[in-house]
Amino acid sequence: MKDQQKTRYGHSAADIAQDFAEHLKYSQDADIYHTTKEGRYTALALSVRDRIINQWHISRKTQRSNEAKRVYYLSLEFLMGRAMTNNIINLGLEKEVREALSTLGYTYEELCELEPDAGLGNGGLGRLAACFLDSLATLEIPAYGYGIRYNYGIFRQQIKNGWQAEQPDNWLRDGNPWEIHRPDVVYNVQFGGEVQVIREDGRDRFKWAGSEIVQGVAYDTPIIGYGCKTVNTLRLWSAKSPEAFNFHEFNDGDYTEAVRSKITAENLSQVLYPNDTLYMGKELRLKQQYFFVACSLADIIRRFKRKNNSWATLPNYAAIQLNDTHPSLAVPELMRILVDEENLDWDKAWKVTVETLGYTNHTLMPEALEKWSLPMLQKILPRHMQIIFEINHRFLQQAVSYFPLQPQMLSKISIIEETNPKQVRMAHLAIIGSHSTNGVAELHSQLLKKSMFPQFNLIFGDRFNNKTNGITQRRWLLASNPKLASLINSAIGDGWITDYQQIAKLKPFAEDKNFLSDFSAIKNENKLRAAAFLQKDSNLIINTNSFFDVQVKRIHEYKRQLLNALNILLIYNDLKAGGDATKNMESTTFLFGGKAAPGYVNAKLIIKLINNIAKVINSDPVAKDRLAVHFMPNYRVSMAEAIIPATNLSEQISTAGTEASGTGNMKFMCNGALTIGTMDGANIEIAQEAGEENMFIFGNTEEEIEKLSHSYNPFAVVMADAKIKEAIDLLFSGYFNVNEPNIFEPLRRSLFEEGDRYYHFADLKMYSEAHQRARDLYAGDRDEWNRRAVLNIAASGKFSSDRTISEYAKDIWNISPCPVEKDTSEDTALQDAKKR
């Protein structure tokens, strides 16, 4: 029977080859005279999507028939990367796809590499959301991800004369074959206008009439779990004008005015804002946030209202998770829907709202907590501002019993900050309006309660909890490092793919010489693959026989790429002087990658500094074959998938108490890199799992930093250490910027006049010593290095996003899996197409 199935339903290599050929001809209108590589990629993507669609239908049908509760994950960012390889692996069709393409003269890799990264995120926040979607589907938890379908994702980074230059990332230029446009799923979103109060049935009714209307149209992408049983949905909203073209204006000869409303509306989903305080408080950003919240909640409410259930049961069917403060307007928006449109009284509506919403905090930086100008919010969302005032009034009445005669405490916890102009504190709104506030690592969650929100912890102590972040091992080990995954399978079986706790079975193999030899060979192969990627992508030439030291993450002062650069100067000086620290050093390659927010001057200067240091060191005969530095432009998910498996030493060196969690540290760990890092974020838990003896831990702890803050003098630290002073003198002598005088002066001021806020010099000596221990171990005892690397992999079981999502499901969402049967019956497309 299987051989008789329609090609779009069959899973054999022959079926896939036939479907690919048909899509190339009938979807792309391609022939031997007119075909493009992008067209071939699209034909393959559509062929793979064909094998997902039916199971997607069955998943929705199963979830509806079981009246399953759903998770709705609201995130302004989804850093999905490429979909092709992930989907093929989760379908279990890699062998068949390779064979199908081979029969037609193509290779799997050449077509997969044509896919642009879906860069709808700035970094960790969006990548976490992507991992969570994978885990939700694999664990068969019904879920929708909601976000914005940005026409332009995170900017494409070029390096020009050492400086970052931002270029637009038009990732939709050739279309997106994975998505389904849903023109029937469209919602009106209003802005501005006024609120009328009408007295009805003995109570005030509020009617908001907006002065500007924008429509949100849905685009759906299937998210398939491993084994392709449950297929969930990522629904992204695109902004459209309800009136695309004003014919009267056109007839009057004013074409610009005729299309103005269309252009203004579509700006809402045009571009992803960089993660940058420069853009905080911008009107378009606020409108983006409300646009996607309003569309998402309207969609959730429409789905709930099909059941005709009591509003009190909404939390039984919907768990809405706010990924950071960006979606926190969900609190007043849900209240507006329940009170103004569904006529619930305030107390009942508030109970439903709080029980439905959960909030994840992602930062320990007070300046990164979102605030909006009250006058601006009032102008754009007048009804929501009224609701926020009422929420705040009722909350402060409750809070006064905790802080009697302490108006300064009430001022601290108020949603409204009494500045000029007044500000609306979105984190406070999210905490007050949600039944759960979680941090993303143990230390982060403790600091939320102790340092950032101690008053809220006193009032809502039962709401604060920890959910340590995780990554999906299916993308970051199985797909990114297939040879290592195969080696692990041969040792312990493949159960770890869906139950990552089983990776612990690998521990005995850290003592197996044959396994360690195979592991070492795979690491070397991955270096060749990474070097080939970088040469093709960025024209960088990498010594594949060197020690790969990698720091890849957003460029930010607290992440301390500058600390890494300062240590490189110490190594360079020692190398030039023939010192003991580098006497036995293996050839070492330092690789940096990451984007700086366009308005973040010091971050962009750090990129310039790294590139200038690289230029000098890489051309110095003394450093030849011993030391190299490279900045990898346009760091993104697909680059990470090439670089992380090749890494020996993972740099996780943020100032203790600044990094909420980090997930890059977990990706490196499960790929067999050793970590050099501070006791910050999830590094602490990695040390607990792997053992500090299998890492290179250094630096002041969060408590020590707190004590140090009262007396820290960076200048005195530098003057007390001759080697550090020599490195700093070299840095600011003009040696690295001969024809660019004083360009690094802002960095010098930050380190000295402004007090070295992130304690570079307090940790530099300890960092240098830890780094030398790492270099010496790698040079002197490669077997021991590899043994520790395998122990790290074996200890990484905790850091799967499957574990994280299971904890959210149990502790916050109160949701259970809804198993979906994998369909093996005949294709029902003809039957489904019949007119009803």
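Residues numbered from 1 in each chain as written. Predicted model: local features only at pLDDT ≥ 70, side-chain atom pairs only at ≥ 80, totals over all residues. Heavy atoms only, no water.

Chemist: Break down the overall build of the chain for me, citing the residues and quoting the values.
Modeler: Along the chain, the regular secondary structure elements total 34 helices and 24 strands. By the compact-globule yardstick of 28 Å for 836 residues, the chain fits well, its C-alpha radius of gyration being 28 Å. Taken along its principal axes, the extent of the C-alpha atoms in the chain is 85 × 80 × 60 Å. The buried share among the 836 residues of the chain stands at 60%. Across the chain, contacts joining residues at least 24 apart in sequence account for 77% of those joining residues at least 6 apart. With an accessible surface of roughly 33500 Å², the chain has 49% of that area assigned to carbon and sulfur atoms. Of the charged side chains in the chain, 96 are positive and 103 negative, and the gap between their average positions amounts to 2 Å. (Helix = DSSP H or I, 4+ residues; strand = E, 2+ residues; numbered from the N terminus. Rg over C-alpha atoms; globule rule 2.2 N^0.38 Å. Buried < 20%, exposed > 50% of the residue type's maximum accessible area, 1.4 Å probe, protein only. Contact = heavy atoms within 4.5 Å. Areas by Shrake-Rupley, 256 points an atom, 1.4 Å probe, with all protein chains shown as cover. Lys, Arg positive; Asp, Glu negative; His and termini not counted. Charge placed at Lys NZ, Arg CZ, Asp CG, Glu CD.)

Chemist: Before we move on, can you summarise the sheet that holds strand S19 (residues 547–552) with the specific residues and values?
Modeler: One open sheet holds the six strands; their spatial order is S21-S20-S19-S22-S23-S24, and the pairing between them is parallel. Here the strands that pair on one side only, and so sit at the sheet edges, are strand S21 (627–632) and strand S24 (696–697). Pairing of S19 with strand S20 (residues 588–593), which is carried by six bridges, proceeds in the parallel orientation. Pairing of phenylalanine 548 across the sheet is with threonine 589, part of S20. (Pairing = 2+ DSSP bridges.)

Chemist: Tell me about unusual backbone geometry, and name the residues and values.
Modeler: Cis geometry is found at the peptide bond from asparagine 420 to proline 421, where omega equals 0°. Within the fold, proline 421 resides in the loop between strand S15 (416–417) and strand S16 (423–425). Residues other than glycine seldom take positive phi values, yet leucine 405 does so here, at roughly 55°. Relative to the helices and strands, leucine 405 resides in the loop between helix H14 (382–399) and helix H15 (407–413).

Chemist: An account of the packing of helix H22 (residues 561–577) against helix H31 (residues 760–780) is needed here, citing residue identities and associated values.
Modeler: Contact pair H22 / H31: the axes reach a minimum separation of 10 Å and the direction vectors enclose 60°. Considered as vectors, H22 and H31 are oriented oblique to each other. The handedness of the crossing between H22 and H31 comes out as right-handed. Taken together, the residues of H31 that come into contact with H22 (itself represented by Leu562, Leu563, Asn564, Leu566, Asn567, Leu570 and Ile571) are His760, Phe761, Leu764, Tyr767, Ser768, His771 and Arg775. Classifying every residue of the contact of H22 with H31 gives eight nonpolar, five polar and one charged. (Axes fitted to C-alpha atoms, helices over the stretch in contact; angles between N-to-C directions. Parallel < 35°, antiparallel > 145°, perpendicular 65-115°, else oblique. Left-handed = near helix turned anticlockwise from the far one by under 90°. Nonpolar A, V, L, I, M, F, W, Y, C, P; charged D, E, K, R; others polar.)

Chemist: A description of the pairing of strand S6 (residues 163–167) should follow, citing residues and the corresponding values.
Modeler: Where strand S5 (residues 156–160) and S6 come together, five bridges link them in antiparallel fashion. Across the sheet, glutamine 157 pairs through a bridge with glutamate 166, a residue of S6.

Chemist: Can you tell me about the pairing of strand S2 (residues 78–81), naming the residues and giving the values?
Modeler: Residues Phe78 and Met80 line one face of S2 and the alternating positions Leu79 and Gly81 line the opposite face, and both faces are buried. Bridge count for S2 against strand S3 (residues 118–120) is three bridges, and the pairing is antiparallel. Note that in S3 the partner of phenylalanine 78 across the bridge is leucine 120.

Chemist: So what's going on with the packing of helix H21 (residues 513–538) against helix H32 (residues 782–794)? Residues and values would help.
Modeler: It is at 10 Å that the axes of H21 and H32 come closest, and there the two elements cross at 90°. On the basis of the axis angle, H21 is roughly perpendicular to H32. Between H21 and H32, the residues in contact are Phe515, Leu516, Phe519 and Ser520 and Asp783, Asn786, Arg787, Ala789, Val790 and Ile793, respectively. Considering only residue class, the contact of H21 with H32 consists of six nonpolar, two polar and two charged.

Chemist: Describe the sheet that holds strand S7 (residues 180–191), listing the residues and the values that go with them.
Modeler: Spatially, the nine strands line up as an open sheet ordered S7-S10-S11-S4-S1-S12-S13-S17-S18, and their pairing is mixed. Edge positions in the open sheet fall to S7 and strand S18 (464–466), since each of these has one partner strand only. For this sheet, the mean inter-axis angle between neighbouring strands, taken without regard to orientation, is 25°.

Chemist: Explain the side chain of arginine 51 residue by residue, including any values.
Modeler: The residue arginine 51 is located in helix H2 (residues 37–65) in this model. Overall, arginine 51 belongs to the buried group, its relative accessible area being 7%. Polar contacts involving the side chain of arginine 51 include one to the main-chain carbonyl oxygen of glycine 10, which spans 2.8 Å. (Polar contact = N/O pair within 3.5 Å; in protein donor to acceptor, adjacent residues only side chain to side chain.)

Chemist: Please give an account of the packing of aromatic side chains that cites residues and values.
Modeler: Each aromatic ring pair is characterised by the separation of its centres together with the angle its planes make. Counted according to the given criterion, the structure contains 27 aromatic pairs. Aromatic pair tyrosine 73 and phenylalanine 132: ring centres 5.8 Å apart, planes at 75°, arrangement edge-to-face. Taken together, the residues tyrosine 73 in strand S1 (residues 70–74) and phenylalanine 132 in helix H6 (residues 124–138) connect sequence positions 59 residues apart. Among the residues examined, phenylalanine 132 registers a relative accessible area of 0% and is labelled buried. An aromatic cluster is built from Tyr72, Tyr144, Tyr146, Tyr187 and Trp237, whose rings are joined through pairwise contacts. Sitting over the face of the ring of phenylalanine 155, lysine 595 holds its NZ or CZ atom 5.5 Å from the ring centroid. Directly above the ring of tyrosine 778 sits arginine 782, whose terminal nitrogen or CZ lies 3.8 Å from the centroid. (Phe/Tyr/Trp six-rings, centres within 6.5 Å; stacked < 30°, edge-to-face > 60°. Lys NZ or Arg CZ within 6 Å of the ring centre and 35° of its normal.)

Chemist: Got a sec to walk through the environment of isoleucine 154? Specific residues and values, please.
Modeler: Mapped onto the fold, isoleucine 154 is located in the loop between strand S4 (143–148) and S5. Sequence separation of isoleucine 154 and glycine 677 is 523 residues, and the distance between their C-alpha atoms is 28 Å. Residues in contact with isoleucine 154, not counting those within four places in the same chain, are Gly119, Gly121, Asn122, Asp169, Leu272 and Lys595.

Chemist: For the side chain of aspartate 50, give the residues involved together with the corresponding values.
Modeler: Looking at where aspartate 50 falls in the secondary structure, it is placed in helix H2. We classify aspartate 50 as buried; its relative accessible area is 16%. Within the structure, aspartate 50 has its side chain in polar contact with the side chain of histidine 23 (distance 2.7 Å).

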